[in-house]
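# What the coordinates show
Listed here are the chains, written in short residue letters.
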Amino acid sequence: MSHPATPPRSLAEALRARDDTSLAVLLRARPDLITPVPTDLTQLATRAGTRASVLRALERLDRFALQTAEALAVAGDPAPYPELLRLMAGDDGDPAVTAALPAALGALRDQALVWGDDERLRLVRTAREVLAPSPQHPSPTGLGPTVREATSGMSPGRIQEILTTAGLPSTHDPVSAVDALTKLFGHRRKMAKLLAAAPAESREVLGRLVWGPPYGQVTPEPAAHLRWLLDRGLLLPTAPGTVVLPREVALHLREGRAHRAPEPVPPAVEPAATHRPQVVDATAAGQAYTALATVEELLKDWDEGGPSVLRAGGLSVRDLKRTAVALDVPEPIAAFWVELAYGAGLLASDGEADERYAATPAYDEWLDRPPAERWAQLAEAWLTATRTPGLVGGRDAKDRALSALGPGLDRSAAPEVRHRVLTLLAGLPEGTAPGADSVLARLRWERPLRGPQQQGDDLRTRLARWTLSEAEMLGVTGRGALSAHGRALLGAPAPAKAAEPPAAGPGDKLPVHHHRPVPAREPLSPPEQAVATATAGRLLAPLLPEPLDHVLLQADLTAVAPGPLRRPLAEALGVLADIESKGGATVYRFTPASVRRALDAGRTAADLHAFLTTHSRTPVPQPLAYLIDDVARRHGHLRVGAASAYVRCDDDTILGEIMADKRAAALRLRRLAPTVLATQADPATLLEGLRAMGYAPAAESAEGDVLITRAHAHRTPPRTAPEPVPDGPPAPDPTLLAAAIRAIRAGDLAATTPRKPTGTTVQGGELPRTTAAETLATMQAAVLTGDTLWIGYVNAEGTASQRVIAPIRVEGGFVTAYDHTADEVRTYPLHRVTGVAELAED
């Protein structure tokens, strides 16, 4: 960046001296500055100095850049670079700080938080107000006010007394007295001599205050060692009973440092374990397949309509517990899977009067896609979502409970934190799992806390912890290390191959990998993310297990699926048998109730025998064949219809048994004929009651045909996945940046170009005012002479602007001109031109 020959007098002038590349860096780092696009550089500078924008920019600084800004806030205004260097590196000149300071200062300049050349560095006024020390808002440096600030309300006589006690000659006015005291405290040799004469208790007091907070309490009659400090101005009173350590004294005691521990270098992400990349990828692929199975199981459980929607939105605590039991996971993990399905657009509320959650039509489309593509859709939804499942069960700012699928779970920082955590993992050699604490320490350096929050309890730290655990559950990482398909999901390049780790003994230390700090990478744009997601799916596909088309039947009425089953087989077997256990192999158990369920779905005994024979690698055990035949023989022997309900059977002895059974008393049956019983209960209640008694009734239609019962898949109307809540204005793309810079430059040209006097005084920011006749005459003359004009223009929406134009043609109430603001030829109605002025020749 080139600097002007004369130092800039304002931030606007400093911005005016920048080239387009430098302005693009500023607008990319602080996108709020072009929402909307400023009319000129003066407005851009004004916006860059607003409190909201400055606070947002400060929050995005790394720790060393923020420490540099804090040091400038306690330096002189303006401050030369050597003064800033002394504050950061101390009197001994820390080489690491000295080497890193130019880059940190450059970052502050790039973001327009600091302007001016190295001889006159200025922190923008709002940033100085935020970071400078005050009794209400202590400085992060721990420094207090200067001698001049601390003595502003002190009587001139008292100042002279302090001067005399400190061994300085008296002066004629308090200003020179304060200057003399300030020079004394800033003189290393004289201050050392003064402090050498201090009592030990006095030096101990200074030691307690030197690194902050600089304020202390004293009694109306202070002890001798405190009186010694007060008499020499080493402690200055700020209020009754309160004293402060002046900034100049503290800096002397600190050997010139503004910070106790400058951190010019980011902490390294240390490895905690090293695995072979193939092991990491295989482990992550297994987790990815489990993730798919879990989401399918969740939505299958809600296939006929899920839990009700709370009045305030979301899932009730009871329903979340039921879901956790169904998935056999803890409740926080169940909340993650529910939110993941919702974020991927597979789950939503149905919008009915009795509102319930159910799968969306997109879920059926998702099921038909290959497993790797289904995983890629889930992973992309997780990576870019602002909804944060880890908050479920907590309380919001109004002390309301936060529920799964409910409002209040969006955190705009979540996508950026997830992306950054995975990027740090991507910077390690393949197969290397980092220590969680080192990842968190690195994130805290990149975005240090500026509030009273405790480390480990702030939102970004919790988001990072959740990211590490969620990435493992989803299969983005395996054994804590980033997988190859996880790396592709980020769009990160593959690292150099790491050497095969040696076998480590129980007491051996893990090798430390020395690698370059991982630079922060911007999240991918939607088109780039789509390409990265597809690539991740292609890398994962060969690692996923192939679905099987067979099971192993056992004599104890169970079937073992040694791996994932093909979907038709899994669905058919899920109707015929109950899942007993899951894991590497799934165990299904056949029971009379499960066999009857298959018969109710329209399958015959012959169909079931053929199905098992076709899909079993072992012979069908005799007990299972007998079970199917026995249930089929009794199935439908009883028929239930609507009377309110009736039951009929050709064998009247069976009806007699039912009438004699005490368990049938609740059904209140009565015999209408030798083969027919009737009840006031509805058919469904009668079916359930008879089945509970051990019978196998079948429902029949009004025509006497057996009704086949199939699960009713309840679907919501088409729904879109929830949109992420943006973390402020989005980063501008190159096209928008170029257009915004061009418009700002042109607007600045219109606002700053010298103009000939028009006879009326125009204040800064006002539009020129001329009569319609004067405007027309000036326009026509400019067409003939080729002159450039400055005009005021109000568009159809009533927005006023200044423009510099070169008129080409004036006719029909319109002027056609080359507009320097838009950098193109445009036509303007003359009645919307408020006034015109010729540009000065110089």
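Residues numbered from 1 in each chain as written. Predicted model: local features only at pLDDT ≥ 70, side-chain atom pairs only at ≥ 80, totals over all residues. Heavy atoms only, no water.

### A few points about the overall build of the chain
A count of helices and strands for the chain gives 33 helices and 25 strands. The C-alpha atoms of the chain give a radius of gyration of 39 Å, which is well past the 28 Å a tight globule of 842 residues would have. Summed over all atoms, the accessible surface of the chain reaches about 41200 Å², with 55% contributed by carbon and sulfur. If the 91 positive side-chain charges of the chain are averaged to one point and the 99 negative ones to another, these points end up 4 Å apart. (Helix = DSSP H or I, 4+ residues; strand = E, 2+ residues; numbered from the N terminus. Rg over C-alpha atoms; globule rule 2.2 N^0.38 Å. Areas by Shrake-Rupley, 256 points an atom, 1.4 Å probe, with all protein chains shown as cover. Lys, Arg positive; Asp, Glu negative; His and termini not counted. Charge placed at Lys NZ, Arg CZ, Asp CG, Glu CD.)

### Considering empty space enclosed by the protein
Enumeration over the complete set of coordinates arrives at three cavities of 30 Å³ or more. A volume near 60 Å³ is recorded for the largest cavity. Taken together, Leu440, Leu443, Arg444, Arg447, Leu449, Asp458, Arg460 and Thr461 form the lining of the largest cavity. Sorting the residues of the lining of the largest cavity by element identifies α22 (436–446) and α23 (459–474) as the ones contributing at least two each. Per-element accounting of the lining of the largest cavity gives the leading share, three residues, to α22. Taken together, the residues that form the lining of the largest cavity break down as three nonpolar, one polar and four charged. (1 Å grid on protein atoms, 1.4 Å probe; cavity = no way out; pocket = protein on both sides within 12 Å on 5 of 7 lines; lining within 4 Å. Points joined across faces, edges and corners; volume = space filled by probe spheres on them. Nonpolar A, V, L, I, M, F, W, Y, C, P; charged D, E, K, R; others polar.)

### Comments concerning the packing of aromatic side chains
The relative placement of two aromatic rings is captured by the distance of their centres and the angle of their planes. Inspection of every chain in the model, using the stated rule, returns four aromatic pairs. Positioned over the ring face of tryptophan 366 is arginine 374, at 5.3 Å from the centre of the ring. (Phe/Tyr/Trp six-rings, centres within 6.5 Å; stacked < 30°, edge-to-face > 60°. Lys NZ or Arg CZ within 6 Å of the ring centre and 35° of its normal.)

### Comments concerning the confidence of the model for the chain
When pLDDT is averaged across the chain, the result is 85; 90% of the residues are at 70 or more. Here strand β16 (residues 639–641) stands out as the least confident element of the chain, with mean pLDDT 66; strand β11 (residues 481–482) is the most confident, with 96. A low-confidence stretch, residues 498–518 (pLDDT under 50), is modelled with 24 contacts involving residues beyond four sequence positions or located in other chains. Note on residues 759–765: pLDDT under 50 across the span, and five contacts to partners over four residues away in sequence or across chains. (pLDDT = per-residue confidence, 0-100. Contact = heavy atoms within 4.5 Å.)

### Observations regarding the nonpolar core
If you look at the biggest cluster of nonpolar residues, it comprises 89 residues, and the most contacted ones within it are Leu234 and Leu235. For this core, the leading source of residues is helix α5 (residues 63–74), giving eight residues. If we ignore the near neighbours within four places in the chain, the residues touching leucine 234 are Phe185, Met191, Leu194, Leu195, Leu206, Trp228, Leu229, Val244, Leu245, Pro246 and Val249. (Core = buried A, V, L, I, M, F, W, Y, C linked by side-chain atoms within 4.5 Å. Buried < 20%, exposed > 50% of the residue type's maximum accessible area, 1.4 Å probe, protein only.)

### Remarks on the sheet that holds strand β13 (residues 558–561)
If you trace the four strands from one edge of the open sheet to the other, you get β12-β13-β15-β14, paired in antiparallel fashion. The outermost strands of the open sheet, each flanked by one partner alone, are β12 (552–554) and β14 (578–581). Adjacent strand axes in the sheet meet at a mean angle of 30° when their direction is disregarded. As paired elements, β14 and strand β15 (residues 586–589) share three bridges and run antiparallel to each other. By the bridge assignment, aspartate 578 is partnered in β15 with arginine 589. (Pairing = 2+ DSSP bridges. Axes fitted to C-alpha atoms, helices over the stretch in contact; angles between N-to-C directions.)

### Comments concerning the side chain of glutamine 111
Relative to the helices and strands, glutamine 111 is located in the loop between α7 (95–110) and β1 (114–115). If we ignore the near neighbours within four places in the chain, the residues touching glutamine 111 are Leu26, Ala29, Arg30, Ala57 and Leu61.

### Some points on helix α20 (residues 371–384)
The end-to-end C-alpha separation of α20 is 20 Å, in line with the 20 Å expected for 14 residues at 1.5 Å each. Among the residues making up α20, those that are buried are Ala372, Arg374, Trp375, Ala376, Leu378, Ala379, Ala381, Trp382 and Leu383. (Expected span 1.5 Å × (residues − 1).)

### Describing the sheet that holds strand β24 (residues 824–829)
In space, the five strands of this open sheet follow the order β24-β23-β22-β21-β25, with antiparallel pairing throughout. Unpaired on one side and paired on the other, β24 and β25 (833–838) mark the two borders of the sheet. With direction set aside, neighbouring strand axes in the sheet form an average angle of 45°. Sheet topology note: the strand β21 (residues 789–794)/strand β22 (residues 800–811) ladder contains six bridges and is antiparallel. Its bridge partner being in β22, tryptophan 790 is matched across the sheet by valine 804. Across the face of the sheet, helix α33 (residues 772–785) comes into contact with β21, β22, β23 (814–819) and β25 while running at roughly 60° to β22.

### Here we look at α5
Under the 1.5 Å per step criterion, the end-to-end length of α5 is 17 Å for 12 residues, consistent within 8% with the ideal 16 Å. Most of α5 is tucked away: 12 of the 12 residues are buried. All buried positions along α5 are accounted for by Arg63, Phe64, Ala65, Leu66, Gln67, Thr68, Ala69, Glu70, Ala71, Leu72, Ala73 and Val74. The N-cap of α5, judged by a side-chain oxygen 3.1 Å from the amide nitrogen of phenylalanine 64 a few residues on, is aspartate 62. (Polar contact = N/O pair within 3.5 Å; in protein donor to acceptor, adjacent residues only side chain to side chain.)

### Re the pattern of salt bridges
Under the criterion given, the structure shown has 37 salt bridges. A salt bridge links arginine 400 to aspartate 396; its shortest N-O distance comes to 2.9 Å. Judged by its relative accessible area of 48%, arginine 400 is partly exposed. Given a relative accessible area of 21%, aspartate 396 falls into the partly exposed group. Close ionic contact of glutamate 416 with arginine 447 constitutes a salt bridge, the shortest N to O distance being 3.9 Å. Highlighted residues: glutamate 416 in helix α21 (residues 414–426) and arginine 447 in the loop between α22 and α23, separated in sequence by 31 residues. Here glutamate 416 falls in the partly exposed class, since its relative accessible area comes to 24%. Through salt bridges with shared partners, a single network forms among Arg158, Glu161, Arg227 and Asp231. (Salt bridge = Lys/Arg side-chain N within 4 Å of Asp/Glu carboxyl O.)

### A few points about the environment of aspartate 281
In this structure, aspartate 281 sits in helix α16 (residues 277–301). Residues aspartate 281 and leucine 543, 262 residues apart in the sequence, show an inter-C-alpha distance of 7.7 Å. Leave out the neighbours within four places in its chain, and aspartate 281 touches Ser483, Ala484, His485 and Leu543. Of the polar contacts made by the side chain of aspartate 281, one reaches the backbone nitrogen of alanine 484; its length is 3.0 Å.

### A short note on the side chain of serine 53
Tracing the backbone through its elements, the reader meets serine 53 in helix α4 (residues 51–59). By relative accessible area, serine 53 is classed as buried at 4%. Side chain to side chain, serine 53 and arginine 30 meet in a polar contact 2.7 Å long. Setting aside its immediate chain neighbours within four residues, serine 53 contacts Arg30, Asp32, Leu33, Arg47 and Ala48.

### Considerations on the environment of alanine 464
The topology assignment puts alanine 464 in helix α23. Accessibility expressed as a relative area gives 0% for alanine 464, which makes it buried. In sequence terms alanine 464 and arginine 420 are 44 residues apart; their C-alpha atoms lie 8.8 Å from each other. Apart from residues no more than four positions distant in its own chain, alanine 464 is found in contact with Val417, Val421, Leu440 and Leu443.

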